[in-house]
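So the chains spell out like this:
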Amino acid sequence: MKRLLSIELQKIWKNRASKVLTITYFVLLTFIALFAAIKFDIGPFKFHLAEEGIFNFPYIWHFNTYFAAWLKIFLAVVIVSMMANEYSYGTLKQNLIDGMSKKEFVLSKFITVVVFAGISTLFVFVVSLILGLQFSSFDEFSIIMSDLEYLAAYFIKLVGFFSFCLFLGILIKRSAFAIGFLFLWFIIENVGFAIIKFGIMKKSDSDYTFVDMIHNHLPLESMSNLIKEPFTRLKIVKSIGSQVGIENIKDYSVHPTDVAIVLAWTAIFIFLSYKIIQKRDL
């Protein structure tokens, strides 16, 4: 396993574009700290984002993992390019000639996906811990260590998303087309869902519930459901909501059902990736 990972990391690090994208991704993750500098001072209205509690424990785990997840597209390009280069440079065929089995080849890619997700999760944990210790109003150990399930959800979300990207890279072979199909699938899931729900289905609660259930089981939507938006948990948003008579009853927790769906999709993508490699004439 160590040998397989070493081979993959060398391929990525020797590719200039992949190296730049990887470094850019981790640099951008540190920019989460810039939220602390966001201030508005317009007459009597004063707003300092850090003072609204975004860096308070345990809320910071939710806030930072949600925003960090948006940056995953950088590593998605690396994952897709990693696979496309195997075909372009003939390294896939050479690896098989040198004795690597097709199963080991797919396993090496999946291990790389897990390592990328693990390092990213650790990086977000360290950045969030530093910011929290500096800005949080709560420093009790029990509070700091609560809600860490968001980090676990972040890791699972990245593994699922990168596995999807790996599958697309193997299926389509060309990185530009694979990334294009990824965006197309995102549009299909969301626009298609809206058209079916509000344009085709009968407008009844049972119909809406059925369509929502199907939508929540689709790959990208199920990954999105792991970490729900954190904005409506902010003090200022709750205050505005209470003033206009809107009660927030949203459930922000990480649900085991959502975790199970994403893990199932991850297994499906890796299995299909192996089947494609196994049957394709390389």
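Since this is a predicted model, take the numbers as computed values, not measurements.

Engineer: Mind showing me how you'd approach the layout of surface pockets here?
Structural biologist: Empty space among the atoms becomes apparent when a probe as large as a water molecule is rolled across them. By volume, the largest pocket amounts to about 600 Å³. As for the largest pocket, its lining consists of 21 residues, and the residues nearest its centre are W70, K72, F186, L220 and S224. Counting residues per element, the ones that place at least two in the lining of the largest pocket are α3 (59-69), α4 (72-88), α8 (149-172), α9 (175-200) and α11 (219-226). Its residues placed into classes, the lining of the largest pocket shows 11 nonpolar, three polar and seven charged.

Engineer: Help me understand α8, please; the structure alone is not making it clear to me.
Structural biologist: Count 3.6 residues to each turn of an α-helix, and residues three or four apart come out pointing the same way. With 24 residues, α8 ought to run about 34 Å at 1.5 Å a step, and its terminal C-alpha atoms sit 34 Å apart, in line with that. Taken across its 24 residues, α8 has 19 buried, putting it largely inside the fold. Where α8 terminates, the next one or two residues include K173, which has phi positive at roughly 80°.

Engineer: Quick question: what am I supposed to make of the nonpolar core here?
Structural biologist: Generally speaking, a soluble globular protein has its nonpolar side chains buried in company with each other. Counting 66 residues, the largest nonpolar core has Y25, L29, I79, Y154, F161, F162 and F164 as the members making the most contacts within it. When residues in this core are grouped by element, the largest group, 15 residues, is from α8. Filtering out sequence-adjacent residues up to four positions away, I79 remains in contact with V113, F116, F162, C165 and L166.

Engineer: Whenever I open this one, the pattern of salt bridges confuses me. Can you help?
Structural biologist: In total, this model carries two salt bridges according to the counting rule given. With a shortest N-O distance of 2.5 Å, E86 and K109 are connected by a salt bridge. You can see E86 sitting in helix α4 and its partner K109 sitting in helix α6 (residues 102-135), a full 23 residues away along the chain. Each member of the pair, E86 as well as K109, is classed as buried.

Engineer: Help me understand the packing of aromatic side chains in this model?
Structural biologist: For the coordinates displayed, the defined rule picks out 16 aromatic pairs. Ring centres of Y25 and F26 lie 5.0 Å apart, and the angle between their planes is 75°; on these two criteria the pair is classed as edge-to-face. The class of Y25 is buried, set by a relative accessible area of 0%. The class of F26 is buried, set by a relative accessible area of 15%. When the ring of Y66 is compared with that of F231, the centres are 5.9 Å apart and the planes differ by 85°; the resulting orientation is edge-to-face. On the criterion of sequence distance, the pair formed by Y66 in helix α3 and F231 in the loop between α11 and α12 (235-243) is long-range, its members being 165 residues apart.

Engineer: Help me out: how do you make sense of the side chain of S273 in this one?
Structural biologist: Positionally, S273 belongs in helix α13 (residues 256-279). A distance of 2.7 Å separates a polar side-chain atom of S273 from the backbone oxygen of F269. When sequence neighbours within four positions are dropped, the list of residues in contact with S273 reads V106, L166, F167 and I170.

Calculation criteria
- Residues numbered from 1 in each chain as written.
- Predicted model: local features only at pLDDT ≥ 70, side-chain atom pairs only at ≥ 80, totals over all residues.
- Heavy atoms only, no water.
- 1 Å grid on protein atoms, 1.4 Å probe; cavity = no way out; pocket = protein on both sides within 12 Å on 5 of 7 lines; lining within 4 Å.
- Points joined across faces, edges and corners; volume = space filled by probe spheres on them.
- Helix = DSSP H or I, 4+ residues; strand = E, 2+ residues; numbered from the N terminus.
- Nonpolar A, V, L, I, M, F, W, Y, C, P; charged D, E, K, R; others polar.
- Expected span 1.5 Å × (residues − 1).
- Buried < 20%, exposed > 50% of the residue type's maximum accessible area, 1.4 Å probe, protein only.
- Core = buried A, V, L, I, M, F, W, Y, C linked by side-chain atoms within 4.5 Å.
- Contact = heavy atoms within 4.5 Å.
- Salt bridge = Lys/Arg side-chain N within 4 Å of Asp/Glu carboxyl O.
- Phe/Tyr/Trp six-rings, centres within 6.5 Å; stacked < 30°, edge-to-face > 60°.
- Polar contact = N/O pair within 3.5 Å; in protein donor to acceptor, adjacent residues only side chain to side chain.

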